[in-house]
Amino acid sequence: LDGIVDQVVRKQLERIRTAPNSELISIQHQKALDYAAARLKLVKAQIAEKQREIADYKAEAIRVIRGESKFSAELLNTLIEQAKEEESKLAVSYEEVQAEIAELSRGMEKEQEEYDRLISWAEIYSVCPFETKKMFISQFVKSVRVYRDYELEIEFNVSFEEFRDLRVRE
């Protein structure tokens, strides 16, 4: 039984080891980064629009002072204050999206480290002693069911397809 489980684990590790890194990691993170970058661009455009709006209100305030505008000073002051509040909220949103992008970048590094660790496990497994393999299998394999004629059903903690889907999903 140990030999059969060993063969199945080797096969799964080999599938993981030979899967292209870019297929497993880059696609998901690139989508998330693209989405966050688009949100950042949108918030930046909204901030620029608010800044133009404030500048327009200030230009109109000068016309009020000269007596050339139909607006009152109180109305313009209210509009300027509202626009400044909206601009500050947008600035907070901008910082939040920047922080999200930074977190996504760190997350990608973490995913890369986890992938590298799994690859190193795949490389080490083939040369380690039997007792070490048993410890590894206890982490990698969820359960082993034995049926008649040594027919086995092995349930991994994460299947190759789930491993790949975790990296490609989103």
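Residues numbered from 1 in each chain as written. Predicted model: local features only at pLDDT ≥ 70, side-chain atom pairs only at ≥ 80, totals over all residues. Heavy atoms only, no water.

## A few points about the pattern of salt bridges
Phase 1: Counted under the stated rule, the structure contains six salt bridges.
Phase 2: Taking the shortest distance from any N to any O, the salt bridge between Glu-49 and Arg-52 comes out at 2.7 Å. Here the residue Glu-49 and the residue Arg-52 both occupy positions in helix H2 (residues 21–66), the gap between them amounting to three residues, near one helical turn.
Phase 3: For Glu-49, a relative accessible area of 42% puts it in the partly exposed group.
Phase 4: Ionic contacts of the salt-bridge type, sharing partners, join the residues Lys-50, Glu-53 and Glu-86 into one network. (Salt bridge = Lys/Arg side-chain N within 4 Å of Asp/Glu carboxyl O. Helix = DSSP H or I, 4+ residues; strand = E, 2+ residues; numbered from the N terminus. Buried < 20%, exposed > 50% of the residue type's maximum accessible area, 1.4 Å probe, protein only.)

## Digging into the environment of Glu-53
Phase 1: Among the structural elements, Glu-53 can be located in helix H2.
Phase 2: By relative accessible area, Glu-53 is classed as partly exposed at 22%.
Phase 3: Residues Glu-53 and Leu-79, 26 residues apart in the sequence, show an inter-C-alpha distance of 9.3 Å.

## Let's talk about the side chain of Ser-69
Phase 1: Assignment of secondary structure puts Ser-69 in the loop between H2 and helix H3 (73–125).
Phase 2: A polar atom in the side chain of Ser-69 sits 2.3 Å from the side chain of Glu-60.
Phase 3: A polar contact of 3.1 Å, which involves the side chain of Ser-69, links it to the backbone nitrogen of Phe-71.
Phase 4: Here Ser-69 is in contact with Glu-60, Arg-63 and Val-64, once residues within four sequence places are set aside. (Polar contact = N/O pair within 3.5 Å; in protein donor to acceptor, adjacent residues only side chain to side chain. Contact = heavy atoms within 4.5 Å.)

## Quick word on a nonpolar patch on the surface
Phase 1: Taken together, Ile-4, Val-144, Val-146 and Tyr-150 make up a surface patch of nonpolar side chains, about 360 Å² in accessible area.
Phase 2: Structurally, the position occupied by Val-144 is in strand E1 (residues 141–147).
Phase 3: Given the relative accessible area of 38%, Val-144 is considered partly exposed. (Patch = residues over 30% accessible without salt bridge, like charges linked within 9 Å, V, L, I, M, F, W, Y side chains within 5 Å. Areas by Shrake-Rupley, 256 points an atom, 1.4 Å probe, with all protein chains shown as cover.)

## Side note on the nonpolar core
Phase 1: Val-5, Val-9, Leu-13, Ala-122, Tyr-125, Phe-136, Ile-137, Phe-140, Val-141, Ile-154 and Phe-156 together form the largest nonpolar core, which totals 11 residues.
Phase 2: Broken down by secondary-structure element, the contributors of at least two residues to this core are helix H1 (2–18), H3, helix H4 (130–140) and strand E2 (151–156).
Phase 3: Core analysis: the next-biggest nonpolar cluster, separate from the first, contains nine residues, Ala-36, Leu-40, Ile-47 and Leu-90 among them. (Core = buried A, V, L, I, M, F, W, Y, C linked by side-chain atoms within 4.5 Å.)

## A short note on the pairing of E2
Phase 1: As paired strands, E1 and E2 are joined by six bridges and run antiparallel to one another. Bridging from a neighbouring strand, Tyr-147 pairs with Glu-151 of E2.
Phase 2: In sequence, E1 turns back onto E2 through a hairpin of three residues, with Asp-149 there showing a positive phi of about 60°. (Pairing = 2+ DSSP bridges.)

## Side note on the confidence of the model for the protein
Phase 1: Mean pLDDT for the protein: 80, with 82% of residues reaching 70 or above.
Phase 2: Per-element confidence in the protein is highest for H2, whose mean pLDDT is 86, and lowest for helix H5 (residues 160–168), whose mean pLDDT is 45.
Phase 3: In this model, residues 160–170 is a region of pLDDT below 50 whose contacts with residues beyond four sequence positions or in other chains number 29 contacts. (pLDDT = per-residue confidence, 0-100.)

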